[in-house]
Amino acid sequence: MLKTHTCGELNLSNVGQHVTLAGWVNRRRDHGGLIFIDVRDRFGLTQITVDAEGAAHEISIEVVGAASESDALTVGREIARSNLFKCAIFGGDPNWGRVLSAIGVTHATFDPDALDVSFNGIQICRAGGIGEPRELVDLRDREVSVVVDLHAGDRRATIWTTDLTYDYVRENAEYST
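Because the structure is a prediction, the values reported are computed rather than measured. (Residues numbered from 1 in each chain as written. Predicted model: local features only at pLDDT ≥ 70, side-chain atom pairs only at ≥ 80, totals over all residues. Heavy atoms only, no water.)

## So, the environment of Ala-80
Structurally, Ala-80 can be placed in helix 1 (residues 69–81). Judged by relative accessible area, which is 8%, Ala-80 ranks as buried. Taking the C-alpha atoms as reference points, Ala-80 and Gln-17, 63 residues apart in sequence, are found 22 Å from one another. Setting aside chain neighbours within four positions, we find Ala-80 in contact with Ile-61, Lys-86, Ile-159 and Thr-161. (Helix = DSSP H or I, 4+ residues; strand = E, 2+ residues; numbered from the N terminus. Buried < 20%, exposed > 50% of the residue type's maximum accessible area, 1.4 Å probe, protein only. Contact = heavy atoms within 4.5 Å.)

Put into structure tokens, the structure is as follows:
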């Protein structure tokens, strides 16, 4: 089977599409049942999530306007690790305050009064304050897109994660070795 994309070509427009990559496994990490596999080719790196164990949503977090790639990755990872953020997504709540809270604990370069946050294309946080009405955001689909603009530079990164559901907690609570 021939590849349809290189790792460097993939972006949010590919969410929900079937793609075929050719490369090698750069790194594998198990974060409590959610496995992240970094696939690398000579054009870039793509992170794949596997075995979501009862997750209801697959979430892409795209951080744009970062001062450095390191800042973009740090912010995206901090949001992705936030249990409060994950629970909000499961509950259908586009809670941009939980996104800002996760960003705030990083050492990334940003001005809190310049941050923009969009959920599924609806900018509900504009310049660190209220944007479009939250009621416009529909989180019923499995795929959720979150875009954070730090307005601090031209670097970007995308991190993928899942929500935190009752089934995920039950499966991991009942698991024993």
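## A few points about the pattern of salt bridges
Scanning the model with the defined rule gives 7 salt bridges in all. A salt bridge links Glu-62 to Arg-156, with the nearest nitrogen and oxygen atoms 3.0 Å apart. Highlighted residues: Glu-62 in strand 4 (residues 58–66) and Arg-156 in strand 9 (residues 155–162), separated in sequence by 94 residues. Of the charged contacts in the structure, one is a salt bridge between Asp-138 and Arg-140, with a shortest N-O distance of 2.9 Å. (Salt bridge = Lys/Arg side-chain N within 4 Å of Asp/Glu carboxyl O.)

## Thoughts on the environment of Thr-162
Assignment of secondary structure puts Thr-162 in strand 9. Since its relative accessible area comes to 4%, Thr-162 is described here as buried. Sequence-wise, Thr-162 and Ile-89 are 73 residues apart; in three dimensions their C-alpha atoms are separated by 8.9 Å.

## Looking at helix 3 (residues 96–104)
Within the span of helix 3, buried status applies to Trp-96, Val-99, Leu-100, Ala-102 and Ile-103. Each buried residue of helix 3 lies within a common arc of 160° when the element is viewed along its axis, so the set occupies one face. Its side-chain oxygen 3.1 Å from the backbone nitrogen of Gly-97, Asn-95 forms the N-cap of helix 3. (Arc of directions from axis to C-beta. Polar contact = N/O pair within 3.5 Å; in protein donor to acceptor, adjacent residues only side chain to side chain.)

## Points about the packing of aromatic side chains
Under the criterion given, the structure shown has 1 aromatic pair. Between the aromatic rings of Phe-90 and Tyr-166, the centroid separation amounts to 5.1 Å while the plane-to-plane angle is 90°, which identifies the pairing as edge-to-face. Of this pair, Phe-90 sits in helix 2 (residues 83–90) while Tyr-166 sits in helix 4 (residues 166–174), placing them 76 residues apart in sequence. Owing to a relative accessible area of 29%, Phe-90 belongs among the partly exposed residues under this scheme. (Phe/Tyr/Trp six-rings, centres within 6.5 Å; stacked < 30°, edge-to-face > 60°.)

## Side note on the nonpolar core
If you look at the biggest cluster of nonpolar residues, it comprises 29 residues, and the most contacted ones within it are Ile-79, Phe-85, Ile-103, Val-117, Phe-119 and Val-146. Elements with a contribution of two residues or more to this core: strand 4, helix 1, helix 2, helix 3, strand 5 (116–119), strand 6 (122–126), strand 8 (143–149) and strand 9. Counting residues per element, this core draws most heavily on helix 3, at 5 residues. Contacts of Val-146, omitting those with residues within four sequence positions, involve Ile-59, Ser-60, Ile-61, Glu-62, Phe-85, Val-117, Ser-118 and Phe-119. (Core = buried A, V, L, I, M, F, W, Y, C linked by side-chain atoms within 4.5 Å.)

## Structural notes on the pairing of strand 4
Among the 9 residues that make up strand 4, 8 are buried, leaving the element largely enclosed by the rest of the structure. Pairing of strand 4 with strand 8 involves 7 bridges; the strand directions are parallel. By the bridge assignment for strand 8, Glu-62 is matched with Val-147. Where strand 4 meets strand 9, 7 bridges bridge the pair, whose relative direction is antiparallel. Bridging from a neighbouring strand, Ile-59 pairs with Thr-161 of strand 9. (Pairing = 2+ DSSP bridges.)

## As for unusual backbone geometry
Positioned with a positive phi, Asn-120 is a non-glycine residue whose angle comes to about 50°. Within the secondary structure layout, Asn-120 lies in the loop between strand 5 and strand 6. For Asn-120, a relative accessible area of 28% puts it in the partly exposed group. Non-glycine residue Ala-127 carries a positive phi angle of around 55°. Among the secondary structure elements, Ala-127 is positioned in the loop between strand 6 and strand 7 (129–130). In this structure Ala-127 comes out as partly exposed when scored by relative accessible area, which is 41%.

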